[in-house]
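A closer look at the structure
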Amino acid sequence: MLSIRNTLILAFGGLILAVMIPLGMLVHGEARRILVEATLHNTQQTVALQSQRIAEWLDGNEKELALFSELDIIREFSPDKIRPYLQRKISARKDFQEIFYATPSGKAWSTQTPQQTFDVSDRDFFKAILKEQKSDTLLSTAEHGKEDGNGRFFIVRAIFSPTTERIGLLGASIRLAVLNQLVTPANFHDGYGWLIDRSGQIIAHPQSQLRLKLNVTRTPQTDGFVGLDSIGKRMLAGETGHGEITTQDGEKRLVVFTPVPGNSGWSYAQSIPTGSLFAPVKQLSVLIALTVCVALLGVIALVWALSRRISKPIELLATHTHRLSQGHFSEHLEFPDRTSREIRNLIDDFNRMAGNIDTMVNNLLVSERSTALVNAELASQQKALLESEERYRLAMDAANDILWDLDLQNGKAVISKRWEELHAFPIQTPDDWFGALRELVHPEDWPATQKKLDATLAGRTALFQAEFRLKLKNERMVWRLCRGKALKDAEGRVTRICGSISDIDEQKESHNKIRQMAFHDSLTGLPNRWYFMECLRNALAGEKPQGGALLFLNINNFKTLNDLFGHQEGDALLRLVASRLNDLCHENSTLARLGGDEFVMLLLDVPDEKTLSESIEGLLRFMRAPFDTRLREHRITVSIGVSFFPHDGTEPSELLRKADMALQAAKDTGRNSWKMFDPKMFERVRYRGEMEQALRQALHSREFELHYQPQLDIASGRILGFEALCRWTRPDYGPVSPAKFIPLAEETGHIQALGEWILKTACFQLAQWQRAGFGHVELAVNVSALQLKDGFTERLKSMMENAGITPERLEIEITESVMMQSFHNQLAILDELRAIGVRISLDDFGTGYSSLSYLRQLPIQTVKIDKSFIDHMEQDETTRHITESIISLSHGLKLRVVAEGVETVSQLQMLREAGCEIAQGYHIGKPMPPGEAEKMLAPK
């Protein structure tokens, strides 16, 4: 057995080793980790910045080439013009080695050999751009140049005609030496950067012998690089990461790589030698080892000297302690020489302890027998009590529910710890419990809970059960289910109640979510059809049903808005409409969304029709205020149909159907209005259905025809042109007013087919007049807003080309109100029409709400003054001044003016004096068939 001295030496030596060795290893490992992470982080940032720089360089060259390809001089494909132009451009582009262009047949010219042609039809980039049309811009794989043998790659761009047809390609070759200049500055820790293309070959590297010769997808045995194939596969897969390779000369290097942003398929990497990376860590390891050895030797020498002085008196004390354990309490320990003060005190205490022990042993022997029996009995009782209390507390605390026990007779209360965890309300007595419920239960739930609790305490019910919302420590309300059972004494009085509180919050939340989904509209949050019909059914139930009104609301022209701006914008508008309608609802009303742009409102206790009329008129005014969806501002109107109950019916479906009929009647008489149900509306519904069917049949049977109303040049007195007007004569009915069938065609979607027929027929009629020698004649055609969509300009251009007419003789008319509803969308299409030479006229000017700033932006040439101004010029001086102002304003904007509805000589004279150029109306001529219109063109 080791002595104290040797034990101390070994203990302190081992302690030093146990501390210093792990500490050294920790420092060594942490230094290595920090160095690797810092190097890897810095390299990753460098690689990311360098790859972004390469991507920006590629993007700049691609954009430059795209700009060249869109120039008219390139699209004309005139070699004599293109060659000198590109030679000037190539001198200003230091990155481009040459620029070439090719025709769809593959014949190509280059700035390097301007007088020679060559064939590129077998090249992959030619097939991808012009044959397969996979993309507009392509980056080729790198290759050796045929002229100088240096590496290069191509950027190729398709050349499009104005009709987006691919008519050739434009390409530029770039030397790989340019790429080397991009990656060379990226040096870090004796490392270097390199670049691969989408095929895996290295296209930029400080070692020129590897460019275009080493492919990272080859096996390591082929090129002598161990690990490069696996890293290469990850680089080709577009990954960002790092790995380790061994070069041909056996050097280990860390490789950090990332894909070049964009569609190039390139990947950039940097490699760093691991030897120079970890050299500081090796030096630190040697220093740590030397430090541990020196510290160990010093500690051993110090411990040996101290232990020799301490161990001698301790060994003497140990000997006497052993004798004391054998019962020799009377012996005293003497002080050895050169004993320290602490050891002397310890020996004095030891001697006194030995005397005390001797006395205590004698006393203990006397009382030991008497106390043994008492202790045994107490221990048995205490164990039983502890086990009982432990089982009871464990049962209460382990339960997920909150368990409570009220002793009403003794005024005590026991509750599980979970109560204190959740609620800031300590419970000691039954009164504390009742007070906690009064304080924490939601005020709306407390009356019902208190009633049930009082019934249980009074002994009327043995079981207590209530659901209520309970406040937590964080002030949040949660749903709880409280249940309890009352115990009574022999006289029937309640002496104790025990129960539990269960968490039903998630159950309640799920129930509420399901109810919300079942009874409410997901877009607006309003009640849905099922919920609304149930409310209406309840209002109609009983022997004396409640009286009220059902309002059926519809957003006018919502389908047009949805088609123009998209469903996302339409949904945003529907949410705003729902919110505004909901603001109008009062306590005795219910608002719901049936679907689409249809809303219904149930009004109870309506006093009389006058009050209802005032409310609806206020609603219409309220809805005319603009709606801002953040993307744009919308101005809408609504139409409303009303049915009364029980006057118009006692069945929900019947009332809804009659309100819908009234809604359609409101639309037929003019949007932004409302109608009450009238039994005569059944006839209107039948008539509308017949009209829809007749309209479809008319399109199929070609029952429509165009009439032409002449337009007079007021100054010269000759017929300048006509406005084409659609007419429909039903075989079994007679003429149908355009005011009836045009809106119907827009609502049913037939306006596209009808509008196409009108434009095509008008173009061929204009061509016929031009061939007959009336080349000066102009023709105006009305176009619906639903026709002004993407592709309209191309279709119209095709019609004009097929008919053989010049665009400047055709004028497209669009009404002011429709133009203002979707200004920005329509403006782009009108700009396209103006670009191809078609004239544009703004019809019904002065009847809408257009802004003069909008009028300045419109690409129009003609303004048509509405007939309502011309009708009152003779009698109303104000109207005459307004008309003259419109004419003056239009001339200031360099627009010509057409006055519609001229019916008297006096009106024509006033317009002549005001400077109006063109007049149209029954005084000039009614709409007439083509033959009669041609007679008006003939010289008189």
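Residues numbered from 1 in each chain as written. Predicted model: local features only at pLDDT ≥ 70, side-chain atom pairs only at ≥ 80, totals over all residues. Heavy atoms only, no water.

**Notes on the pairing of strand 14 (residues 412-415)**
Heads up, the rule is: Each residue is assigned to one of three classes by its accessible area relative to the maximum for its type, calculated with a 1.4 Å probe on protein chains only: buried under 20%, partly exposed between the two thresholds, exposed over 50%. Elements are defined by DSSP. Helices are runs of H or I of four residues or more, strands are runs of E of two residues or more, and each kind is numbered from the N terminus. If DSSP finds at least two bridges between two strands, the strands pair.
Side chains of strand 14 alternate between two faces, with Ala413 and Ile415 buried and Lys412 and Val414 left unburied. Both strand 13 (residues 402-407) and strand 14 contribute to a ladder of 4 bridges, which runs antiparallel. The partner of Asp407 across the bridge, within strand 14, is Lys412. Once strand 13 ends, the chain turns through 4 residues before running back antiparallel as strand 14, passing Gly411 with a positive phi of about 70°.

**Considerations on the sheet that holds strand 16 (residues 477-488)**
Let me state the cut-off plainly: Only the stretch in contact is used when a helix axis is fitted, and all axes are lines through C-alpha atoms; the angle between N-to-C directions ranges over 0 to 180 degrees. Only heavy atoms matter for contacts: two residues are in contact if any of them lie within 4.5 Å across the pair.
Read from one edge of the open sheet, 5 strands run 14-13-17-16-15, paired in antiparallel fashion. Strands at the two margins of the open sheet, each flanked by one partner only, are strand 14 and strand 15 (463-471). Averaged over neighbouring strand pairs, the angle between their axes works out to 20° when direction is ignored. Relative to strand 17 (residues 494-503), strand 13 runs antiparallel, the two being bridged by 6 bridges. Each residue of the ladder has a partner; that of Leu406, found in strand 17, is Ile497. Packing against the sheet, helix 12 (residues 430-440) makes contact with strand 13, strand 14, strand 15, strand 16 and strand 17, and its axis sits at approximately 130° to strand 13. Together, strand 15, strand 16 and strand 17 form the strand contacts of helix 13 (residues 446-457), whose direction differs from that of strand 15 by roughly 145°.

**Section: a negative patch on the surface**
The test is simple: Here the term patch refers to residues with relative accessible area over 30% and no salt bridge, with like charges joined within 9 Å and nonpolar side chains (Val, Leu, Ile, Met, Phe, Trp, Tyr) within 5 Å. For the accessible areas, the method is Shrake-Rupley and the probe is 1.4 Å, while residue cover comes only from the protein chains on display. We count a salt bridge whenever a side-chain nitrogen from Lys or Arg sits within 4 Å of a carboxyl oxygen from Asp or Glu. Charge counting treats Lys and Arg as positive and Asp and Glu as negative, with His and both chain ends excluded. Just so you know, the charge point we use is NZ for Lys, CZ for Arg, CG for Asp and CD for Glu.
On the surface, a cluster of negative charge is contributed by Asp790, Glu794, Glu801, Asp831 and Glu832. For the negative patch, the secondary structure elements donating two or more residues are helix 23 (792-803) and helix 25 (823-835). Structurally, Glu832 can be placed in helix 25. The class of Glu832 is partly exposed, set by a relative accessible area of 39%.

**Digging into helix 13**
Test applied: Expected helix span is taken as 1.5 Å per residue step, with the number of steps being one fewer than the number of residues.
Compared with an ideal rise of 1.5 Å per residue, which puts 12 residues at 16 Å, helix 13 spans 16 Å between its outermost C-alpha atoms and is within 8% of the ideal. Among the residues making up helix 13, those that are buried are Trp446, Thr449, Leu453, Ala455 and Thr456. At its buried positions, helix 13 is contacted by helix 12, strand 15, strand 16 and strand 17. Remark: Gly459 follows helix 13 within two positions and exhibits a positive phi of approximately 85°.

**Re the confidence of the model for the protein chain**
Put simply, the rule reads: The predictor attaches a confidence to each residue, called pLDDT, with possible values from 0 through 100.
Model confidence for the protein chain is summarised by a mean pLDDT of 83, while 85% of its residues fall at 70 or above. At the low end of the mean pLDDT range in the protein chain sits helix 6 (residues 220-223), at 51; at the high end sits strand 33 (residues 918-920), at 96.

**Regarding the packing of helix 17 (residues 567-584) against helix 18 (residues 609-623)**
Convention followed: Rotating anticlockwise by less than a right angle from the far helix to the near helix defines a left-handed crossing, while the corresponding clockwise rotation defines a right-handed one. In this classification, Asp, Glu, Lys and Arg are treated as charged, Ala, Val, Leu, Ile, Met, Phe, Trp, Tyr, Cys and Pro as nonpolar, and every other residue, Gly included, as polar.
The N-to-C vectors of helix 17 and helix 18 enclose an angle of 145°; their axes lie 11 Å apart at closest approach. The two elements helix 17 and helix 18 meet at a crossing, and its hand is right-handed. In this structure, helix 17 uses Val577, Arg580, Leu581 and Leu584 to contact helix 18, whose residues at the interface are Leu619, Phe622 and Met623. Taken together, the residues of the contact of helix 17 with helix 18 sort by class into 6 nonpolar, no polar and 1 charged.

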